[in-house]
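Coordinates in review
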Number of protein chains: 2
Amino acid sequence: MTNIRDIARMANVSVTTVSRVINKHPYVSEEKREAVLKVMEEADYQVNLTAVHLSQGKSHLIGVVVPFANHPYFGLLIEGIAKKAVESNYHFVLIQTNYDKEREQEALNMLKHKQVDGLIICSRILELGTITEYRQYGKIVVCENADGNNAIDSVYVDHYQSFLSALEYLYEKGYRNIGYSIGRDTGSNSYFRQQAYRDFLKQKEIPYHESFVFTENYNLEDGQKVVDLILQLSVKPDALLVTSDVVAAGIITACNHTNLRVPEDLAVIGFDDQPIAKMMGITTFEMPIVTMGERLFQQVIGTTSASHQQLNVTLIERNTV
Amino acid sequence: MTNIRDIARMANVSVTTVSRVINKHPYVSEEKREAVLKVMEEADYQVNLTAVHLSQGKSHLIGVVVPFANHPYFGLLIEGIAKKAVESNYHFVLIQTNYDKEREQEALNMLKHKQVDGLIICSRILELGTITEYRQYGKIVVCENADGNNAIDSVYVDHYQSFLSALEYLYEKGYRNIGYSIGRDTGSNSYFRQQAYRDFLKQKEIPYHESFVFTENYNLEDGQKVVDLILQLSVKPDALLVTSDVVAAGIITACNHTNLRVPEDLAVIGFDDQPIAKMMGITTFEMPIVTMGERLFQQVIGTTSASHQQLNVTLIERNTV
């Protein structure tokens, strides 16, 4: 294959001149530029864009770290990221971790080794401190409250406040045995939700029931698991906050196959406002997930110092409370 | 930042030797290798992996072209691709096209410019002939029947045969006004399905009703659109093949809000066997989508000449026929 040295020889110019023409550097005479372009065309020379980016110290790639690519919540984040990436002429490398520390570490190494220009970490299992150390190699943006961190950018919703308002809403409607369902019980978003739940119970002087907290629920199928557990309880929750509409949909569908009526026996509030919530009339907290994705991307390619953006959620009342 | 020349100087060896150590080239004496590694460690030298890959002529990145990243069908394909990519120490660049020709062309240019080592095209709008021209720059795999094409690999299910057996199944159950719902009405998979539908009608001597074909349906919300159209028809279909379980779920949910009973007034067969089909008891054709994703990845990094793999589908009988 023709390389940059061949082009230089054929155009009778230096390799540096060819490189400058490719990189659109201003200090090349019009005469030489034309000679180089003519030879490149005649030789059907393909610019190795990776080489060009390398010479500019940029890959024009952003790493996007998600635990699961095939999940509606992360799907919407990716949609927002993709939208802005296209507009900015960037592409992104999807790094699916399954919450495996080694794979998250690999994403950090990609940043260190300049394979990507920046990292968007949609959800993580590694310590924020560990991640912050890699900030020296490129921009890092997280999708959680990292306010106070001067190195890493963040876009997030206030999970403490939104959980608390959902609990207050259920309390006002007369529910007293309120439980919740989340994905993993670690991670900062889960921590804030748990904190809101504890504070709410304390304030209302309601005892904490460990059996009212359902963890590791991500998908439609997990709804059945939650309902099976509820059916085994002697004291059952009368309302559930469910941190994903698809899990809420699974719970409601599973209830329809039992004598548990929604909302009479079990009220359900979902999160996200996914299409399925609209279809099934699920009361939910609308999360601006696509907007979050867009903002995450804008931050990662931005040149400003670390910023922290909080987005608002909205309660959408439907038929499950 | 320390570069390869600094390392060579500090270790008192040539730049070529440092390069050989980094690239794990065998022709380096143990003594020199140790000297270089020691200096690299002392100088906290970060290998620019992009540069290493470039010198090897490889990016270790695969481009994955999808019309929509946030769709359950493509989500499952990505899941399969991601699974095998991790095992093979590759990453992939997700290229979302919205069926825009320019964006597909951009993916082909990424292959041409060596930004990716190969391309997996999950669905396309460009001509297969145009795509084939780019095969000279790297491997290209498509997710449709490309049997007979000697350049491009393919993994696919036989959409003609699976559509025909679904139609035969409904016919045997006594349905005579069978219609179908698809995504776009162009593309080779849609062509084979349309062909099966036409051939079936001809063979059974059933007239073709244009109003029984519903196009541009991708998501849960599109189910409502289909039902609204059916309600306006004087002669209504009594059964529908729906090329996505999520659309089928949307149709069934929308029917529940009308006087159309499923399956008494309208039988529904979905495709894919997504979790929602199981939850809602939808009769469906199980498609091995995750397996397809795995195979697509194995083909794109494979070194064999073009292969074409056909995967089988299975009818899963539930409650909607």
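Residues numbered from 1 in each chain as written. Chains lettered and ligands numbered in written order. Predicted model: local features only at pLDDT ≥ 70, side-chain atom pairs only at ≥ 80, totals over all residues. Heavy atoms only, no water.

If you check an unreviewed UniProt entry, chain A appears there as Transcriptional regulator, LacI family from Gracilibacillus kekensis.

With respect to the environment of K225 of chain B
All names here are of chain B. Where we set the bar: Runs of E in the DSSP output that reach at least two residues are strands. Runs of H or I that reach at least four are helices, and both are numbered from the N terminus. Exposure is judged per residue with a 1.4 Å probe applied to protein chains only, and the accessible area is read against the type maximum: over 50% gives exposed, under 20% gives buried, and values in between give partly exposed. Note on contacts: a residue pair qualifies if any of its non-hydrogen atoms lie within 4.5 Å across the two residues. Side-chain atoms alone can form a polar contact between residues adjacent in sequence; in general such a contact is a pair of N or O atoms within 3.5 Å, and within protein one must be able to donate a hydrogen while the other accepts it.
Here K225 is to be found in helix α10 (residues 222-231). Note on K225: relative accessible area 35%, which makes it partly exposed. Put simply, K225 and A254 are 29 residues apart on the chain and 8.8 Å apart in space, counted from C-alpha to C-alpha. Sequence-distant contacts of K225, defined by excluding residues within four places in its chain, comprise T215, E216 and N217. A polar contact is formed between the side chain of K225 and the backbone oxygen of E216, at a distance of 2.9 Å.

With respect to the packing of helix α8 (residues 159-172) of chain A against helix α9 (residues 188-204) of chain A
A pair of packed helices is characterised by two quantities: the angle between their axes and the separation of those axes. All names here are of chain A. Note the cut-off: Between N-to-C directions, angles cover 0 to 180 degrees, with each direction set by a line fitted to C-alpha atoms, over the stretch in contact for helices. Crossings are sorted by hand: turned counterclockwise from the far helix by less than a right angle, the near helix makes the crossing left-handed, and turned clockwise it makes it right-handed.
At a minimum axis separation of 8 Å, α8 and α9 run at an interaxial angle of 40°. Judged by the twist between their axes, the crossing of α8 over α9 is right-handed. Across the interface between the two elements, H159, Y160, F163, L164, L167, E168 and Y171 from α8 touch N189, F192, R193, Q195, A196, Y197, D199, F200, Q203 and K204 from α9.

As for the packing of aromatic side chains
This is how the line gets drawn: Stacked, tilted and edge-to-face are the three classes assigned to paired rings of Phe, Tyr and Trp, where Trp is represented by its six-membered ring and a pair needs centres within 6.5 Å; plane angles under 30 degrees give stacked, over 60 edge-to-face, the rest tilted. The criterion is that NZ of a Lys, or CZ of an Arg, lies within 6 Å of the ring centre and within 35 degrees of the ring normal, and then a charge sits over that ring.
The tally for this structure, following the rule as stated, stands at 24 aromatic pairs over all chains. An angle of 85° between the planes, with centres 4.9 Å apart, marks the rings of Y73 of chain A and F74 of chain A as edge-to-face. Both residues of the pair, Y73 of chain A and F74 of chain A, count as buried. Through successive ring pairs, a cluster of aromatic residues spans F163, Y180, Y197, Y208, F271 and F285 of chain A. Stacked on the ring of Y208 of chain A, the Lys or Arg R198 of chain A has its end atom at 3.9 Å from the ring centre. Taking NZ or CZ as reference, R176 of chain B lies 3.6 Å from the ring centre of Y171 of chain B, over its face.

Quick notes on unusual backbone geometry
All names here are of chain A. That bond from V262 to P263 is cis: its omega, 5°, falls within 30 degrees of zero. Of note in the backbone geometry, Y99 takes a positive phi value of approximately 55° without being a glycine. Structurally, Y99 is set in the loop between β2 (91-96) and α6 (101-112). Positive phi, normally seen in glycine, also occurs at E216, with a value near 65°. By the secondary structure assignment, E216 is in the loop between β7 (213-214) and α10 (222-231). For E216, a relative accessible area of 38% translates into the label partly exposed.

Some words on the sheet that holds strand β5 (residues 153-157) of chain B
For the record, the criterion: Two strands qualify as a pair provided DSSP detects at least 2 bridges between them.
Judged by pairing direction, the sheet is mixed, and its twelve strands sit side by side in the order β11(A)-β5(A)-β4(A)-β3(A)-β1(A)-β2(A)-β2(B)-β1(B)-β3(B)-β4(B)-β5(B)-β11(B) without closing on themselves. The open sheet is flanked by β11 (308-311) of chain A together with β11 (308-311) of chain B, the only strands paired with a single partner. Geometrically, the sheet is characterised by an average inter-axis angle of 20° between neighbouring strands, direction not taken into account. The pairing of strand β3 (residues 118-121) of chain B with strand β4 (residues 139-142) of chain B spans four bridges and is classified as parallel. Along β4 of chain B, the bridge assignment pairs G118 of chain B with K139 of chain B.

Focus: the domain arrangement of chain A
Often the size quoted for an interface is simply the accessible area lost on bringing the parts together. The test is simple: Segment limits for the domains were obtained from an automatic or database-derived domain assignment.
Split into domains, chain A comes out as domain 1 (4-55), domain 2 (61-158 + 290-312) and domain 3 (159-288). Once you take the C-alpha centre of each, domain 1 of chain A and domain 3 of chain A turn out to be 62 Å apart.

A short note on α6 of chain A
This is how it is decided: What a helix is expected to span follows from its residue count: subtract one and scale by 1.5 Å.
For α6 of chain A, with twelve residues, the first-to-last C-alpha span of 16 Å sits near the 16 Å given by 1.5 Å per residue. Listed in full, the buried residues belonging to α6 of chain A are E104, A107, L108, M110, L111 and K112 of chain A. Buried positions along α6 of chain A lie against β1 (61-66), β2, β3 (118-121), α7 (128-132) and β4 (139-142) of chain A together with β2 (91-96) of chain B. Put simply, D100 of chain A is the residue that caps the front of α6 of chain A, since its side-chain oxygen is 2.9 Å from the backbone nitrogen of E102 of chain A. Downstream of α6 of chain A by a residue or two, K114 of chain A has a phi angle that is positive, lying close to 65°.

Focus on the pattern of salt bridges
All names here are of chain A. To keep it simple, the criterion reads: Any Lys or Arg side-chain nitrogen located within 4 Å of an Asp or Glu carboxyl oxygen qualifies as a salt bridge.
By the definition in use, this model includes 23 salt bridges over all chains. For R9, the salt bridge identified is with D6, shortest N-O distance 3.5 Å. Of the two residues, R9 and D6 both sit in helix α1 (residues 4-11), three residues apart, roughly one turn of that helix. You can call D6 partly exposed: its relative accessible area is 22%. In this structure, the salt-bridge partner of K139 is D153, at a minimum N-O distance of 3.6 Å. Residue K139 is found in strand β4, and its partner D153 is found in strand β5 (residues 153-157); the two are separated by 14 residues along the sequence.

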